[in-house]
Amino acid sequence: MTRGTASARPPGRPRSGVNAVVFAATLSAVHELGYARATVDRIAARAGVAKTTIYRRWPSKGELIVDCLLDALGPVPLEGTGQAELMSSTIRWIAAKIGEPGIGDAFAGVFSDAVSDPPLREILSARFQDPYRLQLQDALGEPENRVLFFIDVVVGTLLHRMGMTGSPMADADVTALVDMVLRHFADGAEKAETR
């Protein structure tokens, strides 16, 4: 090959695909090894990239997990027209997502790490929870404290079940959770109207 026909692209993996490869390797490692054993070294090896490639993008495992989860979850699909339909579809969506390989483990692991890591807690709040909270506040027409309560109850319950059983919540139990949450929010709306 002559110099004139050589590619102008620098050697190595194209940058646009690195995040997707690292995210897939992260979820695979967390699913197969567990959150604690899915180290940045092991994730880098699975992704076929240097550890420094990961650390240039994500200064910590926690930040990598947060971005990986954001990528895996995407925005809430918000299916339905009324508040009850929107809440029901949101609960079913997050229950299904938490049941996907690696996602529930990654979710629980990063939340557990954040208990004793204030900077990670701030990242979780600002980059992870706030976008979902704002999306739900807008769609549901509920104040911040009620949306945060909704998120806490739903995600907390689903992750607790995963942690206690190693399996996602069964469909019948997700339906019971939907009914319980909808009753609470309907009761809260009735109490607010009578004040």
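Residues numbered from 1 in each chain as written. Predicted model: local features only at pLDDT ≥ 70, side-chain atom pairs only at ≥ 80, totals over all residues. Heavy atoms only, no water.

K.L.:
Would you take a moment to explain the packing of aromatic side chains for this structure?
P.N.:
Here a ring pair, both rings aromatic, is described through the centre-centre distance and the interplanar angle of the planes. The full count for this structure, using the stated rule, is 7 aromatic pairs. Relative to Y132, the ring of W93 lies with its centre 6.2 Å away and its plane at 45°, an arrangement referred to as tilted. Placement of the pair is W93 in helix α5 (residues 83-98) and Y132 in helix α7 (residues 118-140), with a sequence separation of 39 residues. By the burial criterion, W93 is buried, and Y132 matches it. Sitting above the plane of the Y35 ring, K61 keeps its charged end 4.0 Å from the centroid. (Phe/Tyr/Trp six-rings, centres within 6.5 Å; stacked < 30°, edge-to-face > 60°. Helix = DSSP H or I, 4+ residues; strand = E, 2+ residues; numbered from the N terminus. Buried < 20%, exposed > 50% of the residue type's maximum accessible area, 1.4 Å probe, protein only. Lys NZ or Arg CZ within 6 Å of the ring centre and 35° of its normal.)

K.L.:
Mind showing me how you'd approach the side chain of T26 here?
P.N.:
Mapped onto the elements of the fold, T26 is located in helix α1 (residues 15-33). Judged by relative accessible area, T26 falls into the buried class, the value being 1%.

K.L.:
Mind showing me how you'd approach the environment of V174 here?
P.N.:
The topology assignment puts V174 in helix α9 (residues 171-194). With 79 residues separating them in the primary sequence, V174 and A95 have C-alpha atoms 7.3 Å apart. For V174, the contacting residues outside a window of four places in its chain are I91, R92, A95 and M169. (Contact = heavy atoms within 4.5 Å.)

K.L.:
What is the right way to look at α5 in this model?
P.N.:
Given 3.6 residues to a turn, an α-helix orients residues that are three or four positions apart in the same direction. Between its terminal C-alpha atoms α5 stretches 22 Å, which fits the 22 Å expected from 16 residues at 1.5 Å a residue. Those residues of α5 that fall on the buried side of the exposure criterion are L86, M87, S88, S89, T90, I91, W93, I94, A95, K97 and I98. (Expected span 1.5 Å × (residues − 1).)

K.L.:
What exactly am I supposed to notice about unusual backbone geometry here?
P.N.:
Excluding glycine, most residues fall at negative phi; most peptide bonds, likewise, are trans. For L78, which is not a glycine, the phi torsion comes out positive at approximately 45°. Examined against the element boundaries, L78 turns out to sit in the loop between α4 (61-73) and α5.

K.L.:
When you look at the side chain of R146 in this model, what are you seeing that I'm missing?
P.N.:
With respect to the helices, strands and loops of the structure, R146 is situated in helix α8 (residues 144-165). Its relative accessible area of 18% is what places R146 among the buried residues. Reaching out from R146, the side chain makes a polar contact with the backbone oxygen of F185 at a distance of 3.2 Å. (Polar contact = N/O pair within 3.5 Å; in protein donor to acceptor, adjacent residues only side chain to side chain.)

K.L.:
What is the right way to read helix α2 (residues 40-47) from this model?
P.N.:
Residues V40, I43, A44 and A47 constitute the buried set of α2. Buried residues of α2, seen end-on, are gathered within an arc of 100° and therefore sit on one face of the element. A positive phi of about 75° marks G48, the residue just after α2. (Arc of directions from axis to C-beta.)

K.L.:
Honestly, the pattern of salt bridges in this entry has me stumped. Any pointers?
P.N.:
A side chain of one charge can pair with a side chain of the opposite charge if their charged atoms are brought near each other. Applying the stated criterion across every chain yields a total of 9 salt bridges. The salt bridge partner of R133 is E144, with a shortest N-O separation of 3.9 Å. On the criterion of sequence distance, the pair formed by R133 in helix α7 and E144 in helix α8 is long-range, its members being 11 residues apart. Residue R133 is classed as buried on the basis of its relative accessible area, which comes to 9%. Judged by its relative accessible area of 41%, E144 falls in the partly exposed class. (Salt bridge = Lys/Arg side-chain N within 4 Å of Asp/Glu carboxyl O.)

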